[in-house]
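# Analysis of the macromolecular model
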Amino acid sequence: MITSPIWLPAALVGGVTQAWRTAIQRRVSHSLSLNAAGLVRYLYGLPFAIILLGGYRLLFAGPFPRPDPMFLLFCLGGGMAQIIATNLLIMAFAHRNFVVGTAYSKTEAVQGALLSFLLMGERLSPLAWAGIGCGVAGVMLLSTGGKRMGPADFLKALGQPAALTGIASGFFFALTAIGIRRATQEVGSDDAILAALIVLVATLALQIVMQGGYLLLRERGEIARVFSTWRISGQVGLLSALGSACWFTGFATAPVALVRVVGQIEVAFTLGFGHFYLGERIARSEIMGLLLVGGGVIMALASAL
């Protein structure tokens, strides 16, 4: 159920900032361990999230909501799923290039549609499902990395490490979206943006405790390196906070699957960042895949209207 039209611009802006943040985070991952690279987005994102929440409260004063006790449980579950998803995505980058690694994770759209139906009873129209199918077809075309592949080759490629880690990343990102949507529903506020920002601050704090605690126990030497990269890690934190605030607002106001289908436009920005920021080539098949993704987004928007 769509409760506010703000979900649409929130999903689009979330796609832009997430693509930008992922591109920068990939550079961070070259100098940090897998878990340390994941921690920077939460550690450096929390101060910006607090600023966003404080600024919003100054602009729109009112009684502060009293979240249900289940609120923290859903934040914890969504935060843990996001940590796993992010680590899997970074692992996918190690097997293939930036664009292909992200493309596999974008199967999250169809996985999210199925999971939100099974776990939350959210239903989509046939046109929305067609948009999901079109978008996933485009993502799969992007995943070939410009190579000509027959059906047998494509099925074989799905068993490669990049595919397995990317698809698994999409699964956990889908679980993240469902957990965050449920958390916003437990905040107890009719203000979707306020609910999203409260969930964002709480989730980031829990993620710092979880992943920071792991580093303290298992990779203590990485902690100093996390702080030594503050210049570029601060950029990751800022973009992460802005992007997550947009995604969380979308999840608070519209079905998870619909937000994620529109959010597939991130692949277009990912392609641009991969080409202009990271110097990766764009193949003809990737352009065709991009057009399919765009067509899927348009169908999803048409179904919402």
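Residues numbered from 1 in each chain as written. Predicted model: local features only at pLDDT ≥ 70, side-chain atom pairs only at ≥ 80, totals over all residues. Heavy atoms only, no water.

### As for the overall build of the chain
As a reminder, the rule being used: Here a strand is any run of E in DSSP of at least two residues, a helix any run of H or I of at least four, and the numbering for each starts at the N terminus. Only protein chains enter the accessibility calculation, which uses a 1.4 Å probe; a residue is then buried when its area is under 20% of its type maximum, exposed when over 50%, and partly exposed in between. By the convention used here, residues are in contact when the closest approach between their heavy atoms is within 4.5 Å. Method for areas: the Shrake-Rupley scheme with a 1.4 Å probe, in which residue coverage is limited to the protein chains shown.
Looking only at helices and strands, one finds 15 helices and zero strands in the chain. Scored against the burial criterion, the 305 residues of the chain give a buried share of 53%. The contacts of the chain with a sequence gap of at least 6 include a subset with a gap of at least 24, amounting to 87%. Accessible area of the chain: about 13300 Å², with a carbon and sulfur share of 70%.

### Describing the side chain of Ser169
Inspection of the secondary structure puts Ser169 in helix α9 (residues 161-185). Each residue touching Ser169, except ones within four places of it in the same chain, is listed here: Ala85, Leu88, Leu89 and Ser105.

### Examining the packing of aromatic side chains
Formally: The pairing test for Phe, Tyr and Trp rings, Trp by its six-membered ring, is centres within 6.5 Å, and the orientation test on the planes gives stacked under 30 degrees, edge-to-face over 60, and tilted for anything in between. For a ring to carry a charge above it, either NZ of a lysine or CZ of an arginine must fall within 6 Å of the ring centroid while also lying within 35 degrees of the normal to the ring plane.
According to the stated counting rule, one finds three aromatic pairs in the structure shown. For the pair Trp247 and Phe251, a centre-to-centre distance of 6.3 Å together with 15 degrees between the ring planes defines the contact as stacked. Of this pair, Trp247 and Phe251 both sit in helix α12 (residues 230-253), four residues apart, which is roughly one turn of the helix. The ring of Trp247 carries the charged tip of Arg260 above its face, separated from the ring centre by 4.3 Å.

### Describing the environment of Gly237
Relative to the assigned elements, Gly237 resides in helix α12. Looking at Gly237, the relative accessible area reads 0%, which means it is buried. Put simply, Gly237 and Val40 are 197 residues apart on the chain and 6.6 Å apart in space, counted from C-alpha to C-alpha. Sequence-distant contacts of Gly237, that is, excluding residues within four places in its chain, are made with Val40, Arg41, Tyr44, Gly45 and Phe48.

### Here's the deal with the nonpolar core
Counted only if it meets this: Within this scheme, the nonpolar core is defined by two criteria: the residues are buried Ala, Val, Leu, Ile, Met, Phe, Trp, Tyr or Cys, and they are joined through side-chain atoms within 4.5 Å.
Ranked by size, the top nonpolar core spans 48 residues in total, and within it Phe71, Val199, Leu200, Phe248, Phe251 and Val259 carry the most contacts. Among the elements that make up this core, the one with the highest residue count is helix α10 (residues 192-218) (11 residues). Those residues in contact with Phe71, other than ones at most four positions away along the chain, are Ala183, Glu186, Val187, Ile198, Val199 and Ala202.

### Considering α12
Inclusion rule: For a helix, the expected span equals 1.5 Å multiplied by the number of residues minus one.
End to end, α12 covers 34 Å across 24 residues, agreeing with the expected 34 Å (1.5 Å per residue, within 8%). Counting buried positions along α12 yields 18 of 24 residues, so the element is predominantly enclosed.

### Digging into the packing of α12 against helix α13 (residues 256-263)
Inclusion rule: Structural elements are reduced to axes, namely lines fitted to C-alpha atoms, with helices fitted over the stretch in contact, and the angle between N-to-C directions of any two is expressed from 0 to 180 degrees. Under this scheme an angle from 65 to 115 degrees is roughly perpendicular, one under 35 degrees roughly parallel, and one over 145 degrees roughly antiparallel; angles in between are oblique. Two helices crossing with the near one rotated counterclockwise from the far one by less than a right angle form a left-handed crossing, whereas a clockwise rotation gives a right-handed crossing. Basically, the charged four are Asp, Glu, Lys and Arg, the nonpolar ten are Ala, Val, Leu, Ile, Met, Phe, Trp, Tyr, Cys and Pro, and anything else, Gly included, counts as polar.
Close contact between α12 and α13 brings their axes to 8 Å; oriented N to C, the two are set at 140 degrees. Classed by the angle they form, the pair α12 and α13 counts as oblique. As for how α12 packs across α13, the hand of that crossing is right-handed. Counting all contacts with α12, which are made through Trp247, Gly250 and Phe251, the residues of α13 involved are Val256, Val259, Arg260 and Gly263. Here the residues of the contact of α12 with α13 are counted per class, giving four nonpolar, two polar and one charged.

### Section: empty space enclosed by the protein
Selection criterion: We place a 1 Å grid over just the protein atoms. Points where a 1.4 Å probe fits but has no way out form a cavity, open points with protein on both sides within 12 Å along at least 5 of 7 lines form a pocket, and any residue with an atom within 4 Å of a point lines it. Grid points are joined across faces, edges and corners, and a volume is the space filled by probe spheres set on the points.
One pass over the full model with this rule turns up three cavities of 30 Å³ or more. Counted as a void, the largest cavity has a volume near 120 Å³. The wall of the largest cavity is formed by 15 residues, among which Gln18, Arg41, Gln82, Ser244 and Trp247 lie closest to the centre. Looking at the lining of the largest cavity, the elements with two or more residues in it are α1 (7-29), α9 and α12.

### Digging into the pattern of salt bridges
Heads up, the condition is: Just to be clear on terms, a salt bridge is a Lys or Arg side-chain nitrogen sitting within 4 Å of an Asp or Glu carboxyl oxygen.
Scanning the entire structure with this criterion turns up two salt bridges. Its salt-bridge partner being Glu186, residue Arg182 comes within 3.2 Å of it at the nearest N-O pair. Measuring nitrogen to oxygen at the nearest pair gives 2.7 Å for the salt bridge that ties Arg225 to Glu222. Remark: Glu222 and Arg225 occur in helix α11 (residues 220-228); sequence separation between them is three residues, near one turn of the helix.

### Here's the deal with the packing of helix α6 (residues 108-120) against α9
Relative to each other, α6 and α9 sit at 45 degrees, their axes nearing to 8 Å. On the basis of their axis angle, the class for α6 and α9 is oblique. In this structure, the crossing between α6 and α9 has a hand that is right-handed. Of the residues in α9, those in contact with Glu108, Gln111, Gly112, Leu115, Ser116, Leu119 and Met120 of α6 are Ile167, Gly170, Phe171, Phe173, Ala174, Leu175, Ile178, Arg181, Arg182 and Gln185. Per-class residue counts for the contact of α6 with α9 are nine nonpolar, five polar and three charged.

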